[in-house]
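Secondary and tertiary structure notes
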Amino acid sequence: MDLNRARALLTEGGYTCVLCWGDVFHTATHRGVRPLVDWLDSGLDLRGFSAADKVVGRATAFLYVLLGVRAVHALVMSTPAKEVLVANGICALCDREVSGIINRKGDGPCPFEEAVLDITDPREALCAIRKKQFVMRQPPQIARHTKGNAFSMDSTGLSGASIALFEDMVLKCEPLSEESENHTAMLTWLDGRIPVPRILETAVQDGWRWTLMTRIRGEMACSDAFRADPHRLVQVLSGAMRSLWQNDVTDCPVDQSPEAKLTLLDSLGKRMKWLEEV
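Residues numbered from 1 in each chain as written. Predicted model: local features only at pLDDT ≥ 70, side-chain atom pairs only at ≥ 80, totals over all residues. Heavy atoms only, no water.

What follows concerns the packing of helix H2 (residues 34-42) against helix H3 (residues 58-67). At their nearest, the axes of H2 and H3 sit 10 Å apart, and the two run at 25° to each other. In terms of orientation, H2 and H3 fall into the roughly parallel class. Of the two possible hands of crossing, H2 and H3 adopt the one that is left-handed. Contacts between H2 and H3 pair Leu-36, Val-37, Trp-39 and Leu-40 from the former with Thr-60, Leu-63, Tyr-64, Leu-66 and Leu-67 from the latter. Each residue belonging to the contact of H2 with H3 can be placed in one class, and the counts come to eight nonpolar, one polar and no charged. (Axes fitted to C-alpha atoms, helices over the stretch in contact; angles between N-to-C directions. Helix = DSSP H or I, 4+ residues; strand = E, 2+ residues; numbered from the N terminus. Parallel < 35°, antiparallel > 145°, perpendicular 65-115°, else oblique. Left-handed = near helix turned anticlockwise from the far one by under 90°. Contact = heavy atoms within 4.5 Å. Nonpolar A, V, L, I, M, F, W, Y, C, P; charged D, E, K, R; others polar.)

This is the structure in structure tokens:
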């Protein structure tokens, strides 16, 4: 039985969670919600898998619902988590059932449980979990600017970066790479030449680059208003491109030639995918 095999591997392998379906296994060693969020982001089809987990709270339960597993066994499971799983047709078993999940310090509730406290929809829960993750991961030098400020997560674009929109700031988090370094260098160089966000703080932590910048007010080129008026859109975009092209690029710190771009795509493993899409 898949659930029994997952339970055995969880104990014997020292994992934090294990997903099993027949001879296919997925394992994780990170604690909390991170493995499940990573699996959701990866696009893996885990529907029908059985899961064994060390600790399952209500936030984790919502993630298992989104993954589409058919059964979950936990060493420790909260009553609210069990209710979420059962309500969504998922078999929920545990060694010990508790009223709630506490934080790692043991001095209060788990922050992710607090984040989903008043939520009943799994998709809304995922958004709340992502926001909490974003706050908890911020480097100290970034957090001193953003702490206590309300924000929303922006899903526009296909870069894969996480973007938080504050009232007068934007925070971007992306994997550390040559591309992310180039973005920072270009923004710094363009500041004062054309209207671009001004960098307030940057930080690198655990392989991620965090860039906090001012927020420029305006309308996205992909907005409904512009899409309804393509003539106006072309005028606005062409004007912006003319402003950019008027700058002398002699001292530009980033090589933006086609050859350099293709080399960068190769290094990121994206060139073939890009060519196929084109």
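What follows continues from the structure just given.
What follows covers the packing of H3 against helix H6 (residues 122-137). Taken N-terminus to C-terminus, the directions of H3 and H6 make an angle of 125°; their axes are 9 Å apart at the nearest point. With respect to their mutual orientation, H3 and H6 come out oblique. Crossing hand, H3 versus H6: left-handed. In this structure, H3 uses Ala-59, Phe-62, Leu-63, Val-65 and Leu-66 to contact H6, whose residues at the interface are Pro-122, Arg-123, Ala-125, Leu-126 and Ile-129. Of the residues assigned to the contact of H3 with H6, the class counts are nine nonpolar, no polar and one charged.

We now examine the sheet that holds strand S5 (residues 91-98). Reading across the sheet, the five strands line up as S2-S1-S3-S4-S5 and stay open at both edges, with mixed pairing between neighbours. Each edge of the sheet is formed by a strand with only one pairing partner; in this case those strands are strand S2 (24-28) and S5. Adjacent strand axes in the sheet meet at a mean angle of 10° when their direction is disregarded. Across seven bridges, the pairing between strand S4 (residues 71-78) and S5 is parallel. Residue Val-72 lies in a different strand from S5, and its bridge partner there is Ala-92. Packed on one face of the sheet, H3 meets strand S1 (17-21), strand S3 (50-56) and S4 and runs near 165° to S3. Of the strands in this sheet, S3, S4 and S5 are in contact with helix H4 (residues 79-87), which crosses S4 at around 165°. (Pairing = 2+ DSSP bridges.)

With that out of the way, let us pick up the packing of aromatic side chains. In the structure shown here, the tally under the stated rule is four aromatic pairs. Here the aromatic rings of Phe-134 and Phe-151 are separated by 6.1 Å at their centres, their planes lie at 45°, and the arrangement is tilted. Here Phe-151 lies in the loop between helix H7 (140-146) and strand S6 (152-154) and Phe-134 lies in helix H6, a separation of 17 residues in the sequence. Each member of the pair, Phe-134 together with Phe-151, is buried. The interplanar angle of 40° and the centroid separation of 5.3 Å between the aromatic rings of Phe-151 and Phe-166 together place this pair among those described as tilted. Placement of Phe-151 in the loop between H7 and S6 and of Phe-166 in the loop between strand S7 (162-165) and strand S8 (169-175) is noted, with a sequence separation of 15 residues between them. Just as Phe-151 is buried, Phe-166 falls in that class too. For Lys-131, the ring lying beneath its charged end belongs to Phe-151, and the centroid distance is 4.8 Å. Its end group placed over the ring of Trp-208, Arg-137 keeps NZ or CZ at 4.7 Å from the ring centre. (Phe/Tyr/Trp six-rings, centres within 6.5 Å; stacked < 30°, edge-to-face > 60°. Buried < 20%, exposed > 50% of the residue type's maximum accessible area, 1.4 Å probe, protein only. Lys NZ or Arg CZ within 6 Å of the ring centre and 35° of its normal.)

Under the definition given, this model contains zero disulfides. Between Cys-17, a cysteine without a disulfide, and Cys-20, which holds the nearest cysteine sulfur, the sulfur-to-sulfur distance is 13 Å. The exposure class of Cys-17 is buried, given its relative accessible area of 3%. For Cys-222, which is in no disulfide, the shortest distance to another cysteine sulfur is to Cys-127 and amounts to 18 Å. (Disulfide = S-S within 2.5 Å.)

Before going further, it helps to spend a moment on the sheet that holds S8. Taken together, the five strands give an open sheet; going across it, the order is S6-S7-S8-S10-S9, and neighbouring strands pair in antiparallel fashion. Where the open sheet ends on each side, the last strands, each with one partner, are S6 and strand S9 (199-205). Sheet twist, expressed as the average angle between the axes of neighbouring strands with direction ignored, equals 20°. Judged from the six bridges that link them, S9 and strand S10 (residues 208-214) form a sheet pairing that is antiparallel. Paired with Thr-202 across the two strands is Thr-211, which belongs to S10. Helix-sheet contacts for helix H8 (residues 178-190) involve S8, S9 and S10, and the interaxial angle to S10 is about 20°.

Opposite charge on two side chains permits pairing when their charged atoms draw close. Enumeration over the complete set of coordinates arrives at eleven salt bridges. Among the ionic pairs, Arg-70 bridges to Asp-2, the shortest N-O distance being 3.0 Å. Highlighted residues: Arg-70 in the loop between H3 and S4 and Asp-2 in helix H1 (residues 2-13), separated in sequence by 68 residues. Assessed through its relative accessible area of 46%, Arg-70 is described here as partly exposed. (Salt bridge = Lys/Arg side-chain N within 4 Å of Asp/Glu carboxyl O.)

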